[in-house]
Amino acid sequence: MATDSRTRILERLKAQRIELSPAPVIPVRAFDWDAAETADRFQHMLESVRAEVHRVGDDWPRSLARALKVRRARNLRYGPEGPLGAELAAGWPTDGPQLLAQTQPIETLRDDLFDATDAGFTSCLAGIAETGSLVLWPSPAEPRLLSLVPPIHCVLIETHQIMSTLHALIAAKSWADAMPTNALLISGPSKSADIEQTLAYGVHGPKSLIVLLRHSPGTAESVHESY
């Protein structure tokens, strides 16, 4: 009897035709900034929340090594199989901090990561100029903990990767059709405030964020070293 009732209910539901209204077309929210202004606004917003931004060229590994030496970092952990791993290692100066290749599963190196790693390096999927945000897409080659645990997080981003707004990025990457499973937005170093709004840095993540902004060929922006 219960089976017959269930069958009748399902048949009635299948017979019903539900007319769905088409989703509204929402214009992409973006700003009409050229490449230079987009990069400048991105840098300004990052620096307003205490991120350290350096304009760099193809010798960016040397620039990063200098920035880390200023901060007395002893080492830099990176993913050699990541998008920029080979370029980082090839351009790293012999007198720079020690490079630590992240080749083993992150679970087996938790003690080293938490207790013996001064800085972590990751690539970047995109940037958002309006908010000064970095968009990361963690992977097994560059685990999430590389950007979360070390006291210093280092990132390289190309100027052509910077979009004016998050909405523009979502549209450009077609996230409505296939959104990444683990997109990560970072706006400056880790920070938190208590009930009296006293801001503290490094409470639940890196105390420092070093962003290397590399000029993309074909854009109108000029490149200069920030040293």
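The coordinates are above.
Residues numbered from 1 in each chain as written. Predicted model: local features only at pLDDT ≥ 70, side-chain atom pairs only at ≥ 80, totals over all residues. Heavy atoms only, no water.

Trainee: Sorry, what's going on with helix α3 (residues 60-70) here?
Mentor: Within the sequence span of α3, burial applies to Trp60, Pro61, Ser63, Leu64, Ala65, Ala67 and Leu68. Where α3 is buried, its residues contact β1 (52-56), β2 (75-78), α4 (85-91), β4 (119-122), β7 (152-158) and β12 (208-214). (Buried < 20%, exposed > 50% of the residue type's maximum accessible area, 1.4 Å probe, protein only. Helix = DSSP H or I, 4+ residues; strand = E, 2+ residues; numbered from the N terminus. Contact = heavy atoms within 4.5 Å.)

Trainee: Where do I start with the packing of aromatic side chains in this structure?
Mentor: The relation between two aromatic rings is expressed through the spacing of the ring centres and the mutual angle of the planes. Under the defined criterion, the tally for this structure stands at two aromatic pairs. Note on Phe31 and Trp33: the rings are 4.5 Å apart at their centroids and 5° apart in plane angle, and the pair reads as stacked. Between Trp60 and Phe121 the ring centres are 5.5 Å apart and the planes differ by 15°, which places this aromatic pair in the stacked class. With a gap of 61 residues between them, Trp60 in helix α3 and Phe121 in strand β4 connect regions that are remote in the sequence. In terms of burial, Trp60 and Phe121 fall into one category: buried. (Phe/Tyr/Trp six-rings, centres within 6.5 Å; stacked < 30°, edge-to-face > 60°.)

Trainee: Quick question: what am I supposed to make of a nonpolar patch on the surface here?
Mentor: Where nonpolar side chains cluster on the molecular surface, the patch consists of Ile9, Leu10 and Leu13 and spans about 260 Å² of accessible area. As for its placement among the helices and strands, Leu13 is situated in helix α1 (residues 2-15). (Patch = residues over 30% accessible without salt bridge, like charges linked within 9 Å, V, L, I, M, F, W, Y side chains within 5 Å. Areas by Shrake-Rupley, 256 points an atom, 1.4 Å probe, with all protein chains shown as cover. Salt bridge = Lys/Arg side-chain N within 4 Å of Asp/Glu carboxyl O.)

Trainee: What am I meant to see in the sheet that holds strand β6 (residues 133-136) here?
Mentor: The pairing of strands in a sheet comes from backbone hydrogen bonds and takes either a parallel or an antiparallel form. In space, the four strands of this open sheet follow the order β8-β5-β6-β9, with mixed pairing throughout. A strand with exactly one partner marks an edge of an open sheet, and here the two such strands are β8 (162-163) and β9 (184-186). Where β6 and β9 come together, three bridges link them in antiparallel fashion. When the bridges of β9 are listed, Val135 appears paired with Leu185. (Pairing = 2+ DSSP bridges.)

Trainee: Please clarify how unusual backbone geometry should be interpreted in this entry.
Mentor: Backbone geometry follows two general trends: most residues other than glycine have a negative phi, and most peptide bonds adopt the trans configuration. Phi at Arg50 is positive, roughly 75°, even though this residue is not glycine. Looking at where Arg50 falls in the secondary structure, it is placed in the loop between α2 (35-48) and β1. Positioned with a positive phi, Ser174 is a non-glycine residue whose angle comes to about 55°. In this fold, Ser174 is placed in the loop between α7 (166-172) and β9. Residue Ser174 is classed as partly exposed on the basis of its relative accessible area of 36%.

Trainee: When you look at the pairing of β7 in this model, what are you seeing that I'm missing?
Mentor: A regular strand places its side chains so that they alternate between the two faces of the sheet. Counting buried positions along β7 yields seven of seven residues, so the element is predominantly enclosed. Residue alternation in β7 divides its side chains into two sets, Ile152, Cys154, Leu156 and Glu158 and His153, Val155 and Ile157, and both sets are buried. In the sheet, β7 pairs with β12 via seven bridges, with the strands oriented parallel. When the sheet's bridge partners are listed, Ile157 is paired in β12 with Leu213.

Trainee: Where do I start with the environment of Ser216 in this structure?
Mentor: Turning to its location among the elements, Ser216 is positioned in the segment after β12. Judged by relative accessible area, which is 3%, Ser216 ranks as buried. Sequence separation of Ser216 and His160 is 56 residues, and the distance between their C-alpha atoms is 5.8 Å. The residues touching Ser216, leaving out its near neighbours within four places in the chain, are Glu158, Thr159 and His160.

Trainee: How should I be thinking about the pairing of β1 in this particular structure?
Mentor: In terms of burial, β1 is a largely internal element, five of the five residues being buried. A two-sided burial pattern is seen for β1, the buried positions comprising Glu52, His54 and Val56 on one face and Val53 and Arg55 on the other. Bridge analysis of β1 against β12 gives five bridges, and the strand direction is parallel. Residue Arg55 lies in a different strand from β12, and its bridge partner there is Leu213.

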